[in-house]
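# Structural characterization, general
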Amino acid sequence: MITEYNVFVPSIMGSGSSLRTGLEVKKLGCRKALVVFDKGLKNVGISDKIVENLENAGIQTVSFDGVLPDPPDTVVEEAAQMAKSEEIDCIVAIGGGSSMDTAKGINVLMNNTPPIMKYFGVQKNLNPGVPLVFIPTTSGTGSEVTNMCVISCESLGKKDSVISDVCVGTLAILDPELTLGLPPKLTAATGVDALSHAVESITGGHSNPLSDALARDAIRTIAKWLPIAYKDGSNIEARENLLYASMFAGMAFTNALVHVGHAIGHTLGAKFHIPHGTAVAISLPEVIEYAAKTEHVKVKMICEALGAQVPIDATPEEIGKIGKMALRKLIKSVDIPNLKDLGISLEEAMGTAPMASQDAGLALAPYRITGGKIADIIKSAYDA
């Protein structure tokens, strides 16, 4: 088998590493940085500390605090115009996936004309942007080490992705101390997002030995530490391990990509405005049960990483059921709601199947899946 591996983003990791932000940006030869974050990070003082650190190192700063969940294309385009008019030469993104996706979208438009929807899909020939520095404050998306950004196109009413080297970070700074204030609900949602990246990357059509190794480690780590961080958000060991697991899962799906769970999650998220981590986790146990028909060896790896025992003579169907039960147990242990809990009717939920069946991610599904099967998956997950 011929395969290829993506080179990952240089990273600085460990408690207090965010205090090196100004020094590292200065090393890049930058003089004026656009700092991207949401108002919540300003309210808790995290963004101010990073801005002060940059300015103490002699870096001029311009702040954009208008980041919204599931970044709308209109917001990204507004921020890009601001970045160009301020003549910034670096972007520093602080926060979760929305901040990093916004920063990546801005970078796409630094030297490529808007609208950003023109660049959805794989892009090989975009004009380069400016250095990108990512400082995650959640442990979920792994966006600090991926080559894509997910943008909500308001005029089309759907999410899509730009996949390009212009979205690749110049540096990632992973400081677990910045995740200590994450509330339990957000800890859970971001943690199961990373879990979904790892699980789907193992079972998809582009999986390879490197992505499998990264994903298995991420699953083991999340299974052990997510329930602990959910119950005790001040546990720095749990926070550090989850931050690394999120990065490893991001590396895994950068190489192997994701498939059915994310196709369903993208559709549910766009239709019902469900947080991304929750949306992709809702059907993940059923998706792995479906995948076991052809990928039972990989699903057995997932079961073992979750600590679930698989009999040596288990059939693919039995392996799928064990994997489904193990994933559901972990997801429920951190109180991720199902569709019924979210107040969505079964009819409405199943009605999203045709749109999910058009998601580009299904090209990497383990084997052909129909809209009818997607509806069955949603039905099974509805009140699980």
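None of the values given here were measured: they were computed from a predicted structure.

Here the focus is the packing of aromatic side chains. Aromatic ring pairs are defined here through the distance separating the ring centres and the angle between the ring planes. Under the defined criterion, the tally for this structure stands at 1 aromatic pair. On the basis of an interplanar angle of 40 degrees and a centroid distance of 4.5 Å, the ring pair of Y290 and Y367 is categorised as tilted. Placement of Y290 in helix α11 (residues 284-305) and of Y367 in the loop between α14 (353-356) and α15 (371-381) is noted, with a sequence separation of 77 residues between them. Overall, Y367 belongs to the partly exposed group, its relative accessible area being 23%.

A separate point is the sheet that holds strand β1 (residues 11-13). Spatial ordering of the open sheet is given by β1-β9-β6-β4-β2-β3, a layout of 6 strands whose pairing is parallel. The open sheet is flanked by β1 and β3 (60-64), the only strands paired with a single partner. Taken over all neighbouring pairs, the strand axes of this sheet differ in orientation by 20 degrees on average, direction set aside. Those strands touched by helix α3 (residues 46-56) are β2 (32-36), β3, β4 (90-95) and β6 (132-136), and its axis lies near 150 degrees from that of β4. Its contacts with the sheet place helix α5 (residues 97-110) against β2, β3, β4 and β6, and it is angled at close to 160 degrees to β4.

Taken as a whole and judged by the stated rule, the model has 10 salt bridges. Close ionic contact of K27 with E24 constitutes a salt bridge, the shortest N to O distance being 3.4 Å. Separated by 3 residues within a single helix, K27 and E24 lie in helix α1 (residues 21-27), roughly one turn from each other. Exposure remark for E24: the relative accessible area of 9% places this residue in the buried category. Between R328 and E286 there is a salt bridge, and its shortest N-O distance comes to 2.6 Å. Of this pair, R328 sits in helix α12 (residues 316-333) while E286 sits in helix α11; the two residues are 42 residues apart in sequence, bridging distant segments of the chain. Neither R328 nor E286 differs from the other in exposure class; each is buried.

Where helix α4 (residues 73-85) contacts α5, the two axes come as close as 8 Å, and the packing angle between them is 55 degrees. In terms of axis orientation, α4 runs oblique to α5. Crossing angle aside, the handedness with which α4 passes α5 is right-handed. Listed contacts from α5 to V76, E77, A79, A80, A83 and K84 of α4 are T102, G105, I106, L109 and M110.

Before going further, it helps to examine the side chain of N208. Within the secondary structure layout, N208 lies in the loop between α6 (184-203) and α7 (209-231). Classification of N208 as buried rests on a relative accessible area of 2%. In terms of polar contacts, N208 uses its side chain to reach the backbone amide nitrogen of L210, at 3.1 Å.

The next subject is the environment of L214. Among the structural elements, L214 can be located in helix α7. Taking the relative accessible area as the measure of exposure, L214 reaches 12% and is therefore buried. As a C-alpha pair, L214 and I202 span 12 residues in sequence and 9.3 Å in three-dimensional space. When neighbours within four sequence positions are excluded, L214 is seen to be in contact with F8, F248, M251 and A252.

Glancing now at the nonpolar core. Note on soluble globular proteins: their nonpolar side chains tend to be buried together. Membership of the largest hydrophobic core comes to 47 residues, with the highest contact counts inside it found for L195, V199 and I219. Looking at this core, the elements with two or more residues in it are β9 (171-174), α6, α7, α8 (236-256), α11 and α12. Examining the composition of this core, we find that 9 residues originate from one element, α7, more than from any other. Contacts of V199, omitting those with residues within four sequence positions, involve I219, L284, I288, I302 and L327. Among the nonpolar cores identified, the runner-up in size contains 32 residues, and V75, A103, V108 and V162 belong to it.

Rules used throughout
Residues numbered from 1 in each chain as written. Predicted model: local features only at pLDDT ≥ 70, side-chain atom pairs only at ≥ 80, totals over all residues. Heavy atoms only, no water. Phe/Tyr/Trp six-rings, centres within 6.5 Å; stacked < 30°, edge-to-face > 60°. Helix = DSSP H or I, 4+ residues; strand = E, 2+ residues; numbered from the N terminus. Buried < 20%, exposed > 50% of the residue type's maximum accessible area, 1.4 Å probe, protein only. Pairing = 2+ DSSP bridges. Axes fitted to C-alpha atoms, helices over the stretch in contact; angles between N-to-C directions. Contact = heavy atoms within 4.5 Å. Salt bridge = Lys/Arg side-chain N within 4 Å of Asp/Glu carboxyl O. Parallel < 35°, antiparallel > 145°, perpendicular 65-115°, else oblique. Left-handed = near helix turned anticlockwise from the far one by under 90°. Polar contact = N/O pair within 3.5 Å; in protein donor to acceptor, adjacent residues only side chain to side chain. Core = buried A, V, L, I, M, F, W, Y, C linked by side-chain atoms within 4.5 Å.

Function cannot be inferred from these measures alone, as they are strictly geometric.
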